[in-house]
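Spelled out from the first residue to the last, the chains are:
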Amino acid sequence: MNYLAFIFVIILSASCASVPKNTHSVSERIATGPGAEDLFIDTISCEHPRLLVSCADRRAKDSIPHGDIYAIDLDKDSLTSYLLIRTNEPDSLFFHPHGFDLIRQNGKVYLFVVSHNDKKNEHYIYKYEVKATSLKFVAAYQNPLLSSPNSVAALKNGGFYTTIDQGKRGNQIPLLFKAKTGSILFCNEQGSWAKVANKLAYPNGLYITEKERYLYAATSRQQSIFKYNIKTDGNLINREKVTKLVGGDNIRLGENKELLIPGHPNVLKFMAHSNDSTKLSPSVVYSLNTTNGIKEVVYANDGKQISAPTTSVSYKGYLYIGQVFQSYVLRVKRKNKVTENNTSE
């Protein structure tokens, strides 16, 4: 092994964490489009609760990648996904979804979606009005600051936050060295943009509390969950490290009012899985109590059930888990949690 390769392995190995023992022997796969990356429990746009799923083929190399938004009705005996038809879009619109957020604003329900056109190096936040079987295009937001958006979180009275996971999309070197080139942007209802947090190492998932006083952010390479105070003008202040969490991805509120946060504990295996679906990447889902700061493992697997987990939501005693590359959402029955040491570095 040459010296450069040796240093490369040392850097990556330092980012790996021990993986808890498998927690579930029984699981169910719900087929979706490829790359079921982001999930959201929708109880506000239709009569019956359903799961929304953001899907995009992230392994498409030779063809133009595309994606779709799927839905899964949660109270039916047979869980199957169906496509939400997108309408009213401009002919030139390119849809390759990543993170998304669902919110009610002024009596209507909207879906905010991060979308990438990597070949043209163009990135957008799209806004759709959510119907029972369709999504009606409303607006597209773009700005030079939007260099590598990842997740989005919207406010009830208008405006949204988005994470910029790195200074230049697709640049692997800063990621290896945990460079703090990431940031959080805020776009208000009038379309004015501002950088409201910076010096973050691959900021990923976002969560805004119910009364919109606080914003939580996961940083995959900083291995931390941060909490900010939200000011009335959208600015963020008083950053606080809530807990250490290796490889944290999207953040969702669970049915027990805890935060559910999947993690990627082994960077080497994650990178191998990104190139080859047969190479497994271990999965962990954490539950974080925001009142006392206790972090617990609610799901763990060596990668055979699901690899590279991204989002977890809960409904009627079940966990639903999304992933970066494969074409299904995993469902498992919730079990007793395993408490982890919650130490800050």
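Residues numbered from 1 in each chain as written. Predicted model: local features only at pLDDT ≥ 70, side-chain atom pairs only at ≥ 80, totals over all residues. Heavy atoms only, no water.

Let's shift gears to the overall build of the protein. Tallying secondary structure elements over the protein gives three helices and 26 strands in all. For the protein, contacts bridging at least 24 residues in sequence account for 51% of all contacts bridging at least 6. For the protein, the accessible area works out to roughly 15700 Å², and carbon and sulfur atoms hold 49% of it. (Helix = DSSP H or I, 4+ residues; strand = E, 2+ residues; numbered from the N terminus. Contact = heavy atoms within 4.5 Å. Areas by Shrake-Rupley, 256 points an atom, 1.4 Å probe, with all protein chains shown as cover.)

This part covers the packing of aromatic side chains. Counting across every chain of the model gives twelve aromatic pairs. Aromatic ring contacts, followed pair by pair, group Phe95, Tyr124, Tyr126, Tyr128 and Phe137 into a single cluster. Sitting above the plane of the tyrosine 214 ring, lysine 227 keeps its charged end 4.1 Å from the centroid. Its end group placed over the ring of tyrosine 286, lysine 295 keeps NZ or CZ at 5.1 Å from the ring centre. (Phe/Tyr/Trp six-rings, centres within 6.5 Å; stacked < 30°, edge-to-face > 60°. Lys NZ or Arg CZ within 6 Å of the ring centre and 35° of its normal.)

On the basis of which strands lie adjacent, the open sheet formed by four strands has the order β2-β3-β4-β5 and antiparallel pairing. Looking at strand neighbours, the two that pair on one side only are β2 (36-42) and β5 (81-83), the edges of this open sheet. Within this sheet the neighbouring strands show an average axis-to-axis angle of 30 degrees, counted without direction. In this structure, strand β4 (residues 67-73) lies alongside β5, joined through three bridges in antiparallel fashion. Bridge pairing in β5 places alanine 71 opposite tyrosine 82. (Pairing = 2+ DSSP bridges. Axes fitted to C-alpha atoms, helices over the stretch in contact; angles between N-to-C directions.)

Core analysis: the largest hydrophobic core is formed by 18 residues, its most contacted members being Leu111 and Tyr128. The element best represented in this core is strand β9 (residues 122-130), accounting for four residues. Apart from residues lying up to four places away in sequence, leucine 111 is in contact with Leu52, Ile69, Phe100, Asp101, Leu102, Tyr126, Lys127, Tyr128, Val130 and Leu135. Counting residues in each nonpolar core, the second largest holds 16 residues, with Leu155, Val196, Leu215 and Tyr228 among its members. (Core = buried A, V, L, I, M, F, W, Y, C linked by side-chain atoms within 4.5 Å. Buried < 20%, exposed > 50% of the residue type's maximum accessible area, 1.4 Å probe, protein only.)

Quick look at the layout of surface pockets now. In this structure, the second largest pocket spans a volume of roughly 1100 Å³. In this structure, the second largest pocket is lined by 34 residues; those nearest its centre are Phe40, Tyr207, Ile208, Glu210 and Leu253. Listing elements by their share of the lining of the second largest pocket, those giving two or more residues are β2, β7 (97-105), β11 (149-154), β15 (203-208), β16 (214-219), β19 (252-253) and β23 (309-315). Considering each element in turn, the lining of the second largest pocket owes the most residues, four residues, to β7. For the lining of the second largest pocket, the residue count by class is 17 nonpolar, five polar and twelve charged. (1 Å grid on protein atoms, 1.4 Å probe; cavity = no way out; pocket = protein on both sides within 12 Å on 5 of 7 lines; lining within 4 Å. Points joined across faces, edges and corners; volume = space filled by probe spheres on them. Nonpolar A, V, L, I, M, F, W, Y, C, P; charged D, E, K, R; others polar.)

Taken as a whole and judged by the stated rule, the model has ten salt bridges. Between glutamate 258 and arginine 334 there is a salt bridge; the shortest N-O distance is 2.8 Å. Within this pair, whereas glutamate 258 is found in the loop between β19 and β20 (259-263), its partner arginine 334 is found in the loop between β25 (328-333) and β26 (338-339), the two being separated by 76 residues in sequence. Among the ionic contacts, a cluster of salt bridges with common partners joins Asp68, Arg86 and Glu89. (Salt bridge = Lys/Arg side-chain N within 4 Å of Asp/Glu carboxyl O.)

Before going further, it helps to examine the confidence of the model for the protein. In this model, the protein carries a mean pLDDT of 90, and residues with pLDDT of at least 70 account for 88%. Low pLDDT, under 50, characterises residues 1-10; the stretch is placed with three contacts to residues that sit more than four places away or in other chains. The low-confidence segment residues 341-345, where pLDDT is below 50, has ten contacts with residues more than four positions distant or belonging to other chains. (pLDDT = per-residue confidence, 0-100.)

With that settled, the discussion passes to the side chain of glutamine 105. Position of glutamine 105 among the secondary structure elements: in strand β7. A distance of 3.3 Å separates the side chain of glutamine 105 from the side chain of lysine 127, its partner in a polar contact. Residues contacting glutamine 105, with those up to four places away along its chain left out, are Tyr110, Phe112, Lys127, Ala154, Leu155, Lys156, Gly158 and Gly159. (Polar contact = N/O pair within 3.5 Å; in protein donor to acceptor, adjacent residues only side chain to side chain.)

Here glutamate 258 falls in the buried class, since its relative accessible area comes to 4%. Reaching out from glutamate 258, the side chain makes a polar contact with the backbone nitrogen of asparagine 256 at a distance of 3.2 Å.

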